[in-house]
Amino acid sequence: MIEASDPAAVPAAPTRVGALAPLTVPAFRALWIAALISNIGSWMQTVGAQWFLVEQHSSPLLIALVQTASAAPVLLLGIPAGVIGELLNRRTLLIWVQATQVVIGGVLVVLTMTGEMSPYLLLALTLVLGAASAVQLPAYGAISAEIVPTAFIPNAASLSSISVNVARAIGPAIAGALVSLLGVAFVFALNAASFAVFLVVLLAWRGYRPSPHGFEPFLDATRAGVRYVRNAGIIRALYLRLGLFIVPASALYALLPLLATERLGLDATGYGVLLAGVGVGSIVGAFTMPRVRDTIGVNRTVLLCALAFGASMVGTAVSSWAALSVVILAVGGAGWIGVIATLNGAVQSFLPAWVRTRGLSIYQMVLFGSTAAGSALAGAVAGWVGSVTACLVAGLLVVLVALTQLALPLAATGHIARGRGELPLPELESDADIDENAQTLVLVRYRVDDEHRADFLTRMQLVEHSRRRTGARSWALYADREQPGVLVEAFDVGSWREHLSQHAERLTGYDQKVIHDAQILALSVDTEHLIATDPAARSA
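Every value quoted in this text rests on a predicted model; they were computed, and no experiment measured them. (Residues numbered from 1 in each chain as written. Predicted model: local features only at pLDDT ≥ 70, side-chain atom pairs only at ≥ 80, totals over all residues. Heavy atoms only, no water.)

Looking only at helices and strands, one finds 16 helices and four strands in the chain. Buried positions account for 54% of the 540 residues belonging to the chain. Of the contacts formed within the chain by residues at least 6 apart in sequence, a portion of 85% connects residues at least 24 apart. (Helix = DSSP H or I, 4+ residues; strand = E, 2+ residues; numbered from the N terminus. Buried < 20%, exposed > 50% of the residue type's maximum accessible area, 1.4 Å probe, protein only. Contact = heavy atoms within 4.5 Å.)

Under the counting rule described, the total for this entry stands at nine salt bridges. The salt bridge partner of D480 is R445, with a shortest N-O separation of 2.7 Å. Of this pair, D480 sits in the loop between β2 (472-479) and β3 (486-493) while R445 is found in strand β1 (residues 440-447), placing the two residues 35 residues apart along the sequence. The class for D480 is buried, based on a relative accessible area of 15%. (Salt bridge = Lys/Arg side-chain N within 4 Å of Asp/Glu carboxyl O.)

Let us now look at the confidence of the model for the chain. The predicted coordinates of low-pLDDT regions are not to be read in fine detail. Looking at the chain, pLDDT values average 79 and 81% of them are 70 or higher. Low confidence marks residues 3-15, where pLDDT is under 50. Its contacts with residues over four positions away, or in another chain, come to 20 contacts. (pLDDT = per-residue confidence, 0-100.)

Residues F28, Y228, I235, Y239, F245 and F309 are the most contacted members of the largest nonpolar core, which totals 117 residues. If we skip the residues at most four places from it in the chain, Y239 touches V229, V347, L351, G359, L360, I362, Y363 and V366. Listed in part, the 16 residues of the second largest apolar core include V444, M460, A472 and L521. (Core = buried A, V, L, I, M, F, W, Y, C linked by side-chain atoms within 4.5 Å.)

What the rule picks out here adds up to seven aromatic pairs. Each member of the aromatic cluster is reached from another via a ring pair, and the members are F245, Y253, F309 and W336. (Phe/Tyr/Trp six-rings, centres within 6.5 Å; stacked < 30°, edge-to-face > 60°.)

Here we take up the sheet that holds β1. Backbone hydrogen bonds hold the strands of a sheet together, and the pairing may be parallel or antiparallel. On the basis of which strands lie adjacent, the open sheet formed by four strands has the order β2-β3-β1-β4 and antiparallel pairing. Looking along the sheet, the strands with just one partner apiece sit at the ends: β2 and β4 (524-531). On average, adjacent strands in this sheet sit at an angle of 15 degrees to one another, irrespective of strand direction. Bridging between β1 and β4 involves eight bridges; their strand directions are antiparallel. If you follow V442 over to β4, its bridge partner there is H529. In the packing of helix α15 (residues 496-506) onto the sheet, contacts are made with β1, β2, β3 and β4, and the angle to β3 comes to roughly 115 degrees. (Pairing = 2+ DSSP bridges. Axes fitted to C-alpha atoms, helices over the stretch in contact; angles between N-to-C directions.)

Structure follows, in structure tokens:
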């Protein structure tokens, strides 16, 4: 049996955390190994599916759509998956998802072995597997961050990326050899077995204790997650940077099968070696990235790694020598992991615990949605101008996107406190006579002298962002005409229950400081809570 680890019981982490430090947590280590095996199977599945379509002489667009079919479900299921992962026991959810993937993997094997598989049926089943992954990804990301100390979270995110890229190094090479020797059906069978391994590990992990959180109706929880991201400028900037990079960058993986066959004249084994080159570079990059990030910062790390990946795409497009292409792709792999792992770690470190799964689900939507769009676009362009030209143009776009960061750098997040602060909060209690679903209006009256008024108004702009992030659906600041010097903050919360949650779990240390810094400029602060009496004015 795998015992859960209490992050609080782990010794305090040093200022510089080692790249492998999260693996000292037993539960994280077991899940990481299981995820690695599952990722190896998934990359074998991708190679098998793409090569099946190559052997069927499918169009470039159809081959590129393998990645689109894997990624597109995240666009439809990303936010609901994040809410489900927030409300349900994450271990239980992962168990059901893995069991579903085992069944779908078995169907793939049977249809391929019996000769009933067609290109469009393959894409449909790949779409179903993608839907299962869409539900799994935010829950797995959140549970990984939940079981390690806070200081370990960025490196836990890097290790998760390492898992994907170790799989990229190993899976395609194995799949390329096995497709030639034993056929596509055997590769599909190994993928189903990898899902089963992850399922067994989850079943053996009996000591998981989910973080306590208050009940939220599904629609309210969905709105709260979207509202948080919409009002968190730093998170929006990280997501935008990720999407701008992924759309052109995904062309490399979508078109590599065509470059391998048409440009380099390789078979399935050779294609696997090319992907192994990407994976090896990713592994090296992942282990060196924490030190690079600590030395030059998040901005420069993302900039340099994006430039390296764009240059690798250009080099891969023009290379006519397989050995040189492997080296170029290794450089690209290091650049890829640098961008993805650094942005992922920044997002996970910034998101508060109460909205982490929902925030990660939107991150996954951006990641996989951009991959789906970029892959489909690359396939369409390749059908028009050829795979070499399409990859070359996409590489130049990646370089251009990277250079825009010189003018629009990412905001520093080191000053943002994720956890609960130490400032006292007013104790609010529910009342049996209050409908907890009723819409709630909060009025905060500040008496501010003329000397501090301008500074107070400036600080209240930050208070507005905080209120909106943590649940306010509308916010305004009014001047009282009858009482000069009095300013009234009014914000609407969907329900009394949600306002209680604001006080109990949603305010981070940073949020508390923002509110405190505004309040200390006021001579007095008085708060009123108004509950809607109209039964129709409910959060639902």
